[in-house]
Amino acid sequence: MQQLDESLEDEELALLDDLLLEYGAERESGYNILSLSELDGLLTAILSSPELVVPNQWLPAIFDENAQESIPDENTFNLLLSLIFRHYNDVIQRLNSPLFYAYFEESTNDFIILDSWCSGYIIGAKVSGWGNLPDKIQEQYDLIRSFAYFKGDDLNLDDHPSAKETQECAAKVEQAVMAIYQYFLTLRNR
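Calculation criteria
- Residues numbered from 1 in each chain as written.
- Predicted model: local features only at pLDDT ≥ 70, side-chain atom pairs only at ≥ 80, totals over all residues.
- Heavy atoms only, no water.
- Phe/Tyr/Trp six-rings, centres within 6.5 Å; stacked < 30°, edge-to-face > 60°.
- Helix = DSSP H or I, 4+ residues; strand = E, 2+ residues; numbered from the N terminus.
- Buried < 20%, exposed > 50% of the residue type's maximum accessible area, 1.4 Å probe, protein only.
- Lys NZ or Arg CZ within 6 Å of the ring centre and 35° of its normal.
- Expected span 1.5 Å × (residues − 1).
- Contact = heavy atoms within 4.5 Å.
- Arc of directions from axis to C-beta.
- Salt bridge = Lys/Arg side-chain N within 4 Å of Asp/Glu carboxyl O.
- Lys, Arg positive; Asp, Glu negative; His and termini not counted.
- Polar contact = N/O pair within 3.5 Å; in protein donor to acceptor, adjacent residues only side chain to side chain.

1. Remarks on the packing of aromatic side chains
Aromatic rings in a pair are described by how distant their centres are and how their planes are angled relative to each other. Taken as a whole and assessed by the stated rule, the structure comprises 11 aromatic pairs. Note on Trp 58 and Tyr 88: the rings are 5.5 Å apart at their centroids and 10 degrees apart in plane angle, and the pair reads as stacked. With Trp 58 in helix 3 (residues 55–58) and Tyr 88 in helix 5 (residues 74–95), the pair connects residues that are 30 residues apart, well separated along the chain. For Trp 58, a relative accessible area of 0% gives the class buried. With centroids separated by 5.9 Å and ring planes inclined at 55 degrees, the aromatic side chains of Trp 130 and Tyr 141 adopt a geometry described as tilted. Of the two residues, Trp 130 sits in the loop between helix 6 (115–128) and helix 7 (135–145) while Tyr 141 sits in helix 7, which places them 11 residues apart along the sequence. Of the two residues, Trp 130 and Tyr 141, both sit in the buried class. Members of the aromatic cluster, connected to one another through ring pairs, are Phe 104, Trp 117, Tyr 121, Trp 130, Tyr 141, Tyr 183 and Phe 184. In this arrangement the basic side chain of Arg 94 is found over the ring face of Tyr 101, its NZ or CZ atom lying 5.0 Å from the centre.

2. A short note on helix 2 (residues 36–48)
Spanning 13 residues, helix 2 covers 18 Å between terminal C-alpha atoms, matching the ideal 18 Å at 1.5 Å per step. In terms of burial, helix 2 is largely enclosed, as 13 of its 13 residues are buried.

3. Considerations on the environment of Leu 81
Inspection of the secondary structure puts Leu 81 in helix 5. Taking C-alpha positions, Leu 81 is 9.4 Å from Leu 16, a pair spaced 65 residues apart along the chain. Dropping the residues within four chain positions of it, Leu 81 is found in contact with Leu 59 and Phe 63.

4. Brief notes about helix 1 (residues 10–23)
Between the first and last C-alpha of helix 1 there are 20 Å, a value that for 14 residues agrees with the 20 Å anticipated at 1.5 Å per step. The set of residues buried in helix 1 consists of Glu 12, Leu 13, Leu 16, Leu 19, Leu 20 and Tyr 23. Relative to the axis of helix 1, the buried residues are bounded by an arc of 125 degrees and lie together on one face. Relative to its buried face, helix 1 has exposed residues pointing more than 90 degrees away, namely Asp 10, Glu 11, Leu 21 and Glu 22.

5. Digging into the pattern of salt bridges
Tallied over the full model, the rule gives four salt bridges. Two residues, Arg 145 and Asp 142, come together in a salt bridge whose shortest N-O distance is 2.9 Å. Residue Arg 145 and its partner Asp 142 are located together in helix 7, separated by three residues, close to a single helical turn. Taking the relative accessible area as the measure of exposure, Arg 145 reaches 27% and is therefore partly exposed. Within this structure, Asp 40, Asp 90 and Arg 94 form a network of salt bridges that share partners.

6. Section: the side chain of Glu 174
Within the secondary structure, Glu 174 is located in helix 8 (residues 163–188). Put simply, Glu 174 is tucked away with no salt bridge, and the nearest opposite charge, on Arg 94, sits 7.2 Å away. At a separation of 2.9 Å, a polar atom in the side chain of Glu 174 contacts the main-chain amide nitrogen of Ala 102.

In structure tokens form, the structure reads like this:
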């Protein structure tokens, strides 16, 4: 069995993506964590939070209250949790490295798709209860939110940039994530 501090191999990342799609809770609000990309965004926001967000606060964003009953066996449930927590630890390491990167999805023609990752991030910020942000940090957050499936509490399926424009914005989103992380890190260190 893998240790929780070991990064996921490519096959395990694909398995985690498949298991989230199969067992994640799908909500009418659009606040779904049904892919690796959405999970990566969620965990990045959770781990960027100025205060510790414990698993019983953020796991309900992934599973409904009957998760353990809806997963066919205990081994599958434990495997899924293990993969999630190993990915959680990987996000911590990426946030604390000089070259943070996000697990954005890619289309078949190699364009980066930001909406699922950014949606997961916005869900994570809501779960964390960030509240009001200073203007400079709010701008960074708004950049990330502009690519999410929804704005505020409404689904946003119509107003998205082209695939080429989205690909050009990926680095800006990652820079915004790091600005927010560094801002909250200074608050935690006070």
